[in-house]
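# Structural description and commentary
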Amino acid sequence: MREVKKDMLSITQISSPTLRPIRSGKVREIFDLGDELLMVATDRVSAFDVVLPTGIPDKGKILNQLSAFWFRKLEHIVRHHMITIDDEEIARRLGQDYDETQFRGRCMLVEKCEPYLLECVARRFITGSLYKEYLEAGGVENGAAIHGIFLPKGLRKGDELPETIFTPATKAQSGHDENIDFEEAKKIVGKEIAEKLRDITLRLFDEAREICANAGILLVDTKFEFGERNGEIVWIDEALTPDSSRFWSKADYKPGEPPESLDKQFIRDYLESIHWDKTPPGPELPAEVVEETRARYFEIFRRITGKEPIL
């Protein structure tokens, strides 16, 4: 794992005296450029829907570059909103509005789309919230239908599912997203769009899963977001990052014994260990948790892309 210098700083706040902000997310600041948007990935990190006071140095740059990698790699499946992440090109477009210190390596210029109010989640292993729901439904003894999908009995935490499943969720404007079944998803976006989003999600996931497997990584689950532009479905937001996905080391995996994740799960596990009540404000992260999280983000980037992130 990559060693982290003690004096490295994280950028958790982005501001501009001239650019017009339209949304501040858990990680990204979004500025309106007319027909386009400027998305700036900070080093903020959230867990259990709470933004923590401690940032992870260079995290935003890794997320930005890894998303760009996946958008390009899978654009034959669905159109994406990315125009460029090239700093020189973005600096030329912004002119005097470009802030080198805040923006370099963190910016993605994207097309403006109308988001669908649906989180499109794909899963290949049973863990996280899906496993909790499975246990609560008595799935171990009898099998269980979770959000309209029947899962066989006897599954252990971390077991691989027979096939990739689509488990949509509401896209909450505040608070927690809620897992729903496909029938409910159709009510939100309509039958035709729901079916298209499901099919695109499964195609993206299964192709990404093969790419990850070739890098010695198991893609456990991920979430996608989509929008509409000129009547066409467009892949938006981020793409298969350690913030939006679970990644496991293939070499360390044993059925029923999930290995440590190469993603944000490391922070969630730490927060569970200190018995935080998961309400704001979140606790400060100790230096060793920050360093290990950053190292895992670097590791997943290197293994998937075969390159070092540009810092």
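These remarks concern the structure in this document. (Residues numbered from 1 in each chain as written. Predicted model: local features only at pLDDT ≥ 70, side-chain atom pairs only at ≥ 80, totals over all residues. Heavy atoms only, no water.)

## Some points on the overall build of the protein chain
To keep things clear, this is the line we draw: A helix here means a DSSP run of H or I that spans at least four residues, while a strand means a run of E at least two residues long, and both kinds are numbered starting from the N terminus. Only C-alpha atoms enter the radius of gyration, while the globule expectation follows 2.2 Å times N to the 0.38, with N the number of residues. Whether a residue is buried, partly exposed or exposed follows from its accessible area with a 1.4 Å probe, protein chains only, as a fraction of its type maximum: under 20%, in between, or over 50%, in that order. The contact rule is simple, with two residues in contact once any of their heavy atoms fall within 4.5 Å. Accessible surface area values rest on a Shrake-Rupley calculation with a 1.4 Å probe, where residue burial reflects the displayed protein chains alone. Neither His nor the chain termini are counted; the positive set is Lys and Arg, and the negative set is Asp and Glu. Here the site of a charge means NZ on Lys, CZ on Arg, CG on Asp, or CD on Glu.
In terms of helices and strands, the protein chain carries 9 helices and 16 strands. Against the globule reference of 19 Å for 311 residues, the protein chain gives a C-alpha radius of gyration of 19 Å, in line with a compact fold. Taken along the three principal axes of its C-alpha coordinates, the protein chain extends 65 × 50 × 40 Å. Among the 311 residues that make up the protein chain, the fraction classed as buried is 53%. Across the protein chain, contacts joining residues at least 24 apart in sequence account for 65% of those joining residues at least 6 apart. Of the accessible surface of the protein chain, which amounts to about 14,700 Å², a share of 48% is contributed by carbon and sulfur atoms. Taking the average place of the 45 positive charges on the side chains of the protein chain and the average place of its 57 negative ones, the gap between the two points comes to 2 Å.

## Digging into the nonpolar core
In a soluble, globular protein the nonpolar side chains are often hidden away together inside. Spelled out, the test is: Residues grouped as a nonpolar core are buried Ala, Val, Leu, Ile, Met, Phe, Trp, Tyr and Cys residues, joined through side-chain atoms within 4.5 Å.
Counting residues in each nonpolar core, the largest one holds 51 residues, and the members touching the most others are Trp-70, Leu-197, Leu-204, Phe-226, Trp-235 and Ile-304. Residue contributions to this core peak at 8 residues, all from helix H7 (residues 191–214). When sequence neighbours within four positions are dropped, the list of residues in contact with Phe-226 reads Pro-115, Tyr-116, Cys-120, Leu-197, Ile-200, Thr-201, Leu-204, Ile-233, Val-234, Trp-235 and Ile-236.

## With respect to the packing of helix H8 (residues 265–273) against helix H9 (residues 287–305)
How we decide: For every element, the axis is a line fit to its C-alpha atoms; helices are fit only across the contacting stretch, and the angle between N-to-C directions ranges from 0 to 180 degrees. In these notes the angle categories are as follows: under 35 degrees is roughly parallel, over 145 is roughly antiparallel, 65 to 115 is roughly perpendicular, and the rest is oblique. Under the grouping applied here, Gly and all other residues not named as nonpolar or charged are polar, the nonpolar ones being Ala, Val, Leu, Ile, Met, Phe, Trp, Tyr, Cys and Pro and the charged ones Asp, Glu, Lys and Arg.
Contact geometry of H8 with H9 gives a least axis separation of 9 Å together with a crossing angle of 155 degrees. Relative to H9, H8 is oriented roughly antiparallel. Where H8 abuts H9, its residues Phe-266, Ile-267 and Tyr-270 lie against Val-289, Glu-292, Thr-293 and Arg-296. A class-by-class count of the residues in the contact of H8 with H9 yields 4 nonpolar, 1 polar and 2 charged.

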